[in-house]
Amino acid sequence: MVELVWLIPAFPLAGFLVLLLGGRRLGEPLAGWVATLACAGSFVATVIVYFGLLGKAAEDRQFVQTLFEWLPSGGLTVDLGFLADPLSITMALFVTGVGTLIHLYSIGYMHGDAAFPRFFVYMNLFVFSMLMLVLGSNLLVTFLGWEGVGACSYWLISFWFTNEANASAGKKAFVTNRVGDWGFMLAMFLAFASVGSINYANIFAGAQSGQMAAVTATGIGLLLFVGAVGKSAQIPLYLWLPDAMAGPTPVSALIHAATMVTAGVFLMTRVNPILAAGYDWVPTLIAWVGVITALIAATIAVAQNDIKKVLAYSTISQLGYMFLAVGVGAYVAAIFHMVTHAFFKALLFLGSGSVIHGMNDEQDMRRMGGLRKFMPITAVTFIVGWLAIAGVPPFAGFWSKDDILLAAFDENPALWVIGLATALLTAFYMSRQVFMVFFGEPRWTEDAEPAEAEAAPVHNEIHPHESPWLMTTPLVVLAGLAFVGGGLNLPFTDEGKFLESWLDPVMGANELDITVDSGVKVGLAVVAVAFGLLGIVVAASIYLWRRLKPVEPKVLAHAWYYDETVTAFVGGPGRKGFEAVAAFDRVVIDGAVNGVGAAVRSLGRLIRVAQSGFVRSYALGMTAGVVIVLAYFLTRLSF
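Model, not experiment: these values are computed from the prediction.

K.L.:
How would you explain the overall build of the protein chain if you had to name every residue and give the values?
P.N.:
The helix and strand inventory of the protein chain stands at 26 helices and two strands. Dimensions of the protein chain along its principal axes, counting C-alpha atoms only, are 125 × 60 × 50 Å. In the protein chain, buried positions account for 54% of the 639 residues. Long-range pairs, those at least 24 residues apart, make up 79% of the contacts in the protein chain between residues at least 6 apart in sequence. Of the accessible surface of the protein chain, which amounts to about 26,900 Å², a share of 67% is contributed by carbon and sulfur atoms. Between the centroid of the 34 positive side chains of the protein chain and the centroid of its 42 negative side chains there is a distance of 12 Å.

This is how it looks when you write it as structure tokens:
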């Protein structure tokens, strides 16, 4: 059964090729159904491989399938192969499962779009690239998928490229991710220089055997972390993700909630043997970058008014939690939260898309309110996602977030305090969103505030309505997963820790061993729930009961002015600096090269005079040469 692993990426690749060649002929909605069935076929293949691995002993749950030798070059040989183990199959399960639901949703959401077939071409190509990323048996195959999802994100974010802002958002995402890709490439080079291979098995063996020096492991780990920071939108490279909301909402759900942005977390989890072989301060750095990102993004989310921007900053914050878990060695908790986050964040994004669809493309939450009466399915499912991300038991987010906070407390209480503050803010800003959108009095007949008038055009004729079944069915399924998803890793018994047992062969050797006793664990969980409920109550007091006046500082609404500062620098001094570098290259570097060429040409023209083509001239020259040689020797003779 595990030998069918090649089918997992084959289905979306086939869907991509079919739609690329015949998508226009298929048209709407058939092109969407072909793409959806391709993704569903990939999910079925993943389930088959999963059961194949599950039937093996824990120590045998690893299968490498080589399709062909890809790059034979001297000492470097790279195979195009797949690695099927508990980590890669876990990733593939939720990538294909959630991806299928998002494809189904997209058939309804993209109805009537002139580029309907092209949208699904990109969607299938993205799923194929993401599967290559998680299934790759070496760094280069992973990098192939890594670059593939980057290219697809550019196409999908700027899908409606006739709008200049959308085109700019796509370019911003692409360029920002190139910074991270630089780190990934250097890590590959360093790994090959160290162990002579870029296969994961060989690299990990070198790290564990001592063949790889600690300083080398540290360098590889840091460079891969640079790549992860770019792809998973962490400080300082997070600024591309909020602008990526310019793409269609299903894109936000697929790329920026469930799959692409989790690639960095997956990569750092995959290379846990390298992190363990490096210096201790590297995981500490990862943890602090993660927790600070989580806190800063949460503070920004409390003052956003665009329904998708709130979820964008929320995604950055939740990814910060995952990096916190990786940094403290809680790899299982990182993957657990990645899975539950895929459920409830995809649900929230698709729910926001349902709201936007029913509100005639309105995204400003200040012009919503009372929508639960008009969109009951959307409202109920969105509320389930809200309770999950707010950490309210027994919803999925409570269990995974609690595992991360517990590990943070065990490693460094300071990390736990910041993580707890972030949990409070998360419950607050998500409650704010729910109350502004689904509760209170309708406000869609009111004009937008002047400051937002250009960004959020006023639509006077808005008639809220529930979305069609193609859009609500995925919401219901994801709501169910957001409710029961915590059952993957319940802490009460060893038998209940299914995910931990399943992932043990991949990361068990480097997994953090929690030393906190049961009483403290319960106390920490109670405190986390209390802080979450406090955030909900405070938000209700402000936005639902109107007992407190809202405080939304301008600095938070402008995201601490970080994005604006970077934009001003790049467009001002940065642009001038780049132009100066280009001028130096053109005048000095190219000038030197061109000058040498010009000098050689001039010398050639002088020498060419002697090559007249007349035989008598050559004979005269030879005679003169002979005379000169004879004269030289005669003057040297001594009589």
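K.L.:
Describe the pattern of salt bridges, naming the residues involved and giving the relevant values.
P.N.:
Evaluation of the coordinates by the stated rule reveals nine salt bridges. In this structure, aspartate 563 engages lysine 172 in a salt bridge whose closest nitrogen and oxygen atoms are separated by 2.8 Å. Of this pair, aspartate 563 sits in helix H24 (residues 562-571) while lysine 172 sits in helix H6 (residues 164-195); the two residues are 391 residues apart in sequence, bridging distant segments of the chain. Lysine 172 shares its class with aspartate 563; the two are buried. Close ionic contact of arginine 432 with glutamate 552 constitutes a salt bridge, the shortest N to O distance being 3.1 Å. Taken together, the residues span a long stretch of sequence, with arginine 432 in helix H18 (residues 413-438) and glutamate 552 in the loop between helix H22 (518-543) and helix H23 (554-557) at a distance of 120 residues.

K.L.:
Give me a negative patch on the surface: which residues, what numbers.
P.N.:
A surface patch of negative charge is lined by Asp494, Glu495, Glu500 and Asp504. Tracing the backbone through its elements, the reader meets aspartate 494 in the loop between helix H20 (469-484) and helix H21 (498-507).

K.L.:
Kindly report on the layout of surface pockets, identifying the contributing residues and their values.
P.N.:
Taken as a whole, the second largest pocket holds about 740 Å³ of empty space. Along the walls of the second largest pocket sit 28 residues, with Asp403, Leu406, Pro491, Lys497 and Lys521 positioned nearest its centre. At the level of secondary structure, the elements contributing two or more residues to the lining of the second largest pocket comprise helix H15 (331-358), helix H17 (396-411), H21 and H22. Taken together, the residues that form the lining of the second largest pocket break down as 15 nonpolar, four polar and nine charged.

K.L.:
Can you explain the side chain of threonine 46? Please cite residues and give values.
P.N.:
Within the secondary structure layout, threonine 46 lies in helix H2 (residues 30-54). Given the relative accessible area of 0%, threonine 46 is considered buried. Not counting the four nearest positions on each side in its chain, threonine 46 is found in contact with Ile8, Ile89, Ala92, Leu93 and Thr96.

K.L.:
Now, about the side chain of threonine 249: what can you tell me, with residues and values included?
P.N.:
Checked against the element boundaries, threonine 249 lands in helix H10 (residues 249-258). Note on threonine 249: relative accessible area 1%, which makes it buried. Among the polar contacts made by the side chain of threonine 249, one reaches the side chain of lysine 308 at a distance of 3.4 Å. Setting aside residues up to four positions removed in sequence, threonine 249 forms contacts with Tyr109, Lys308, Phe349, Ser352, Gly353 and Ile356.

K.L.:
Which residues make up the packing of aromatic side chains, and what values do they have?
P.N.:
A full pass over the atoms with the stated rule returns 25 aromatic pairs. Taken together, a centroid distance of 5.5 Å and an interplanar angle of 20° make the contact between tyrosine 122 and tryptophan 155 stacked. Linking tyrosine 122 in helix H4 (residues 116-135) with tryptophan 155 in helix H5 (residues 139-157), this pair joins segments that are 33 residues apart in sequence. By relative accessible area, tryptophan 155 is classed as partly exposed at 35%. Taking 5.0 Å as the distance between ring centres and 45° as the angle between the ring planes, the aromatic pair formed by phenylalanine 143 and phenylalanine 184 counts as tilted. Within this pair, whereas phenylalanine 143 is found in helix H5, its partner phenylalanine 184 is found in helix H6, the two being separated by 41 residues in sequence. Phenylalanine 184 sits in the buried class, given a relative accessible area of 0%. Members of the aromatic cluster, joined through ring pairs, are Phe116, Phe119, Phe120, Tyr122, Trp155, Phe159 and Trp160. The ring of tyrosine 200 is capped by arginine 270, whose NZ or CZ atom sits 5.8 Å from the centre of that ring. One cation-aromatic arrangement involves arginine 616 over phenylalanine 614; the distance from NZ or CZ to the ring centre is 5.0 Å.

Calculation notes
- Residues numbered from 1 in each chain as written.
- Predicted model: local features only at pLDDT ≥ 70, side-chain atom pairs only at ≥ 80, totals over all residues.
- Heavy atoms only, no water.
- Helix = DSSP H or I, 4+ residues; strand = E, 2+ residues; numbered from the N terminus.
- Buried < 20%, exposed > 50% of the residue type's maximum accessible area, 1.4 Å probe, protein only.
- Contact = heavy atoms within 4.5 Å.
- Areas by Shrake-Rupley, 256 points an atom, 1.4 Å probe, with all protein chains shown as cover.
- Lys, Arg positive; Asp, Glu negative; His and termini not counted.
- Charge placed at Lys NZ, Arg CZ, Asp CG, Glu CD.
- Salt bridge = Lys/Arg side-chain N within 4 Å of Asp/Glu carboxyl O.
- Patch = residues over 30% accessible without salt bridge, like charges linked within 9 Å, V, L, I, M, F, W, Y side chains within 5 Å.
- 1 Å grid on protein atoms, 1.4 Å probe; cavity = no way out; pocket = protein on both sides within 12 Å on 5 of 7 lines; lining within 4 Å.
- Points joined across faces, edges and corners; volume = space filled by probe spheres on them.
- Nonpolar A, V, L, I, M, F, W, Y, C, P; charged D, E, K, R; others polar.
- Polar contact = N/O pair within 3.5 Å; in protein donor to acceptor, adjacent residues only side chain to side chain.
- Phe/Tyr/Trp six-rings, centres within 6.5 Å; stacked < 30°, edge-to-face > 60°.
- Lys NZ or Arg CZ within 6 Å of the ring centre and 35° of its normal.

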